[in-house]
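Residues per chain, in single letters:
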Amino acid sequence: MTSSFLPKRLDPVLVISLAQLFGTSLWFSANSAGNDLMQSLQLTPTGIGWLTSAVQAGFVLGTLVVALSGIADRWRASTIFVASAIAGALFNVLFAWFADGLSSALILRFLVGLSLAGIYPIGMKLVVSWAPERTGAALAQLLAMLVLGTALPHGLREVGADLPWQWIITASSVLALFAALLIHLLGDGPYANGQLSAPTKAQGKPLGVMDAFRIRGFRAAAVGYFGHMWELYAFWTLVPLLLARSRLVDSYPMLSISLMSFAIIAMGAIGCLLGGSLSKRVGSARVALSALACSGICALIFALGWRDLPELLLALLLLVWGASVSADSPQFSSMSAQACPPQLVGTALAIQNSIGFAITMVSIAAAMALFEHVGIDAVWLLVPGPVLGLAGYMYIMRR
């Protein structure tokens, strides 16, 4: 049952999804103002990559603390979410108005990432606490909002093209505060009550991170997720740069880089929703593996053909890639959650996120450094992620 402050017929998953949309707009708020930041703070494309990696580093540390401490399975998820969204909004505003160089910008973006650790995985736990019977579809809806949240700063940049970049970033903080309000009003779901204590085994020993990795289903889903993460955030970071260097900007002068970036990244929301719908019929595993294979094929085709493909086909390829690169994420998370006992779900999802986002730090830094030397051919670096993710999943499940 939803909070008395919200309409009783309002779907809790929808409320959490909207909060996820607004809260995760903090993630790429700096990337939406990439060109302005490079001028204002005297940054190179590698510097923008470092800012993104700083967010990832903060997120990794935050999720690692959540996983190792068991906070996600001891404290109310709604309380963690609200406090994290407020903190993230504050650090984001400080970045917009008070960062005066790369060092201060890195520190503040790191703190934004630290705050996001209490938004993204905790949002997944909230969904499970409200709708455990439809985890795959519900997480697909939630992750669709995360993807839109990632694309949202590019959309804000397009709408407010004439505004100073500081105001665009501040708008993300306002949205994050609204996310905190929504979750405060909603609260935890009825299936969370039994999970607000220290996770224990039947014999009384506490459950920990290693117990999750002893479960084959979780291990396989996590490996597939790690391959997906190698590609995902590096792709999102590269999108505006790929568009700026490709022929698409000249071919479609009526479309700005911000608008095209928003469209490509936002396609992931459609991919997540379609994947969630399909998962009800064919299962999460088939959807996740198919999407991972599709995104890998798109990366390969783009790397081979970006010089020769007609502009229309190149644009369509980027849209399909944007849809498929995100569609597997909620299904891998659903598989991980379903493989674990209820009292271990929060910890398991937190450690999976922690490792996955640590991988993104490496792929983002490597892709941005490579982009400065070889340009668009840097996309070759993304191809191994889907390949290794698929191979690892199949190997573990067949053993």
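Small disclaimer: the values here were computed from a predicted structure and weren't measured.

J.: I would appreciate a short explanation of the overall build of the protein chain in the present structure.
T.: The number of helices and strands found in the protein chain is 16 helices and zero strands. Overall size of the protein chain, expressed as C-alpha extent along the three principal axes, is 65 × 50 × 40 Å. When contacts within the protein chain are restricted to residue pairs at least 6 apart in sequence, long-range pairs at least 24 apart make up 84% of them. When the accessible surface of the protein chain is split by element, carbon and sulfur atoms take 68% of a total near 15600 Å². Of the charged side chains in the protein chain, 21 are positive and 16 negative, and the gap between their average positions amounts to 16 Å.

J.: In this structure, what is going on with the environment of F110? I would like to understand it.
T.: For F110, the position within the fold is in helix α5 (residues 102–116). In sequence terms F110 and R214 are 104 residues apart; their C-alpha atoms lie 32 Å from each other. Sequence-distant contacts of F110, that is, excluding residues within four places in its chain, are made with A54, A57, G58 and L61.

J.: Just checking my understanding: could you explain the packing of helix α4 (residues 77–98) against helix α8 (residues 165–186) for this structure?
T.: The packing of two helices is summarised by the inter-axis angle and the distance between the axes. Look at α4 against α8: their axes get within 8 Å of each other, and the N-to-C directions meet at 170°. With respect to their mutual orientation, α4 and α8 come out roughly antiparallel. Partitioned by chemical class, the residues of the contact of α4 with α8 number 17 nonpolar, seven polar and no charged.

J.: What should I look at first to understand the packing of α4 against α5 in this one?
T.: In contact at an axis separation of 8 Å, α4 and α5 are set at 165° when each is read in the N-to-C sense. Considering the angle they form, α4 stands roughly antiparallel to α5. Crossing hand, α4 versus α5: left-handed. Facing α4, whose interface residues are S84, A87, G88, F91, N92, L94 and F95, α5 presents A105, L108, R109, L111, V112 and S115.

J.: How do you make sense of the packing of aromatic side chains when you look at a structure like this?
T.: For any two aromatic rings, the description comes down to two numbers: the centre-to-centre distance and the angle of the planes. If you walk through the whole model with that rule in mind, you get 16 aromatic pairs. Look at W27 and F357: their rings are 5.1 Å apart centre to centre, the planes differ by 25°, and that puts the pair in the stacked class. Of this pair, W27 sits in the loop between α1 (12–23) and α2 (34–40) while F357 sits in helix α15 (residues 345–374); the two residues are 330 residues apart in sequence, bridging distant segments of the chain. Summarising the burial analysis for this pair, W27 and F357 share the class buried. When the ring centre of F95 is taken as reference, the NZ or CZ atom of R109 above it lies at 5.2 Å.

J.: Could you clarify how one ought to interpret a nonpolar patch on the surface in this entry?
T.: Among the surface-exposed residues, W97, F98, L163 and W167 lie close enough to one another that they form a single nonpolar patch of about 480 Å² accessible area. Relative to the assigned elements, L163 resides in the loop between α7 (135–159) and α8.

J.: Help me understand the pattern of salt bridges, please; the structure alone is not making it clear to me.
T.: Oppositely charged side chains are able to pair whenever their charged atoms sit close together. Counted by the stated rule, this structure contains four salt bridges. In this structure, the salt-bridge partner of R76 is D188, at a minimum N-O distance of 3.3 Å. Here R76 is found in the loop between α3 (45–69) and α4, whereas its partner D188 is found in the loop between α8 and α9 (209–213), with 112 residues between them in sequence. On the basis of relative accessibility, which here comes to 40%, the residue R76 falls in the partly exposed class. On the basis of relative accessibility, which here comes to 14%, the residue D188 falls in the buried class. Where E311 meets R247, a salt bridge forms, and the shortest distance between an N and an O atom there is 3.1 Å.

J.: Any chance you could explain α4 here in plain terms?
T.: For an α-helix, the turn length of 3.6 residues means that residues three or four places apart are oriented alike. Helix length check: α4 (22 residues) gives 31 Å between terminal C-alpha atoms against 32 Å at 1.5 Å per residue, within 8%. For α4, every residue scored as buried is listed here: A77, S78, I80, F81, V82, S84, A85, G88, A89, N92, F95 and A96.

J.: Before we go on, may I ask you to explain the nonpolar core in this structure?
T.: As a rule of thumb, soluble globular proteins bury nonpolar side chains together. Formed by 110 residues in total, the largest nonpolar core has its most connected members in W27, Y233, W236, F302 and W321. In terms of residue count, the dominant contributor to this core is helix α10 (residues 216–245) (17 residues). Those residues within four positions of W236 in sequence are excluded, and the remaining contacts are F28, L146, V147, T150, I265, V325 and S326. Grouped together as the second largest cluster of nonpolar side chains are 13 residues, A30, L43, F95 and I169 included.

J.: Help me understand the confidence of the model for the protein chain in this model?
T.: Interpretation of this model should avoid reading the predicted coordinates in detail wherever pLDDT is low. Scored by pLDDT, the protein chain has a mean of 86; 91% of the residues are at 70 or more. Mean pLDDT per element in the protein chain: α2 is the minimum at 74, and helix α13 (residues 284–305) is the maximum at 96. Every residue in residues 194–204 scores below 50 in pLDDT, and together they form 21 contacts with partners more than four places removed in sequence or on other chains.

J.: For this particular structure, what's the right way to read the side chain of R109?
T.: Tracing the sequence through the fold places R109 in helix α5. Residue classification places R109 among the buried positions, given a relative accessible area of 0%. Within polar-contact distance, the side chain of R109 engages the side chain of N92 at 2.9 Å. In contact with R109, other than residues within four places in its own chain, are L26, W27, F28, S29, A30, L51, A54, V55, N92 and F95.

J.: What is the right way to look at the environment of P330 in this model?
T.: Relative to the helices and strands, P330 resides in helix α14 (residues 311–339). Distance in space between the C-alpha atoms of P330 and Q141 is 8.3 Å, their sequence separation being 189 residues. Contacts of P330, omitting those with residues within four sequence positions, involve L139, A140, L143 and C272.

What counts and how
- Residues numbered from 1 in each chain as written.
- Predicted model: local features only at pLDDT ≥ 70, side-chain atom pairs only at ≥ 80, totals over all residues.
- Heavy atoms only, no water.
- Helix = DSSP H or I, 4+ residues; strand = E, 2+ residues; numbered from the N terminus.
- Contact = heavy atoms within 4.5 Å.
- Areas by Shrake-Rupley, 256 points an atom, 1.4 Å probe, with all protein chains shown as cover.
- Lys, Arg positive; Asp, Glu negative; His and termini not counted.
- Charge placed at Lys NZ, Arg CZ, Asp CG, Glu CD.
- Axes fitted to C-alpha atoms, helices over the stretch in contact; angles between N-to-C directions.
- Parallel < 35°, antiparallel > 145°, perpendicular 65-115°, else oblique.
- Nonpolar A, V, L, I, M, F, W, Y, C, P; charged D, E, K, R; others polar.
- Left-handed = near helix turned anticlockwise from the far one by under 90°.
- Phe/Tyr/Trp six-rings, centres within 6.5 Å; stacked < 30°, edge-to-face > 60°.
- Buried < 20%, exposed > 50% of the residue type's maximum accessible area, 1.4 Å probe, protein only.
- Lys NZ or Arg CZ within 6 Å of the ring centre and 35° of its normal.
- Patch = residues over 30% accessible without salt bridge, like charges linked within 9 Å, V, L, I, M, F, W, Y side chains within 5 Å.
- Salt bridge = Lys/Arg side-chain N within 4 Å of Asp/Glu carboxyl O.
- Expected span 1.5 Å × (residues − 1).
- Core = buried A, V, L, I, M, F, W, Y, C linked by side-chain atoms within 4.5 Å.
- pLDDT = per-residue confidence, 0-100.
- Polar contact = N/O pair within 3.5 Å; in protein donor to acceptor, adjacent residues only side chain to side chain.

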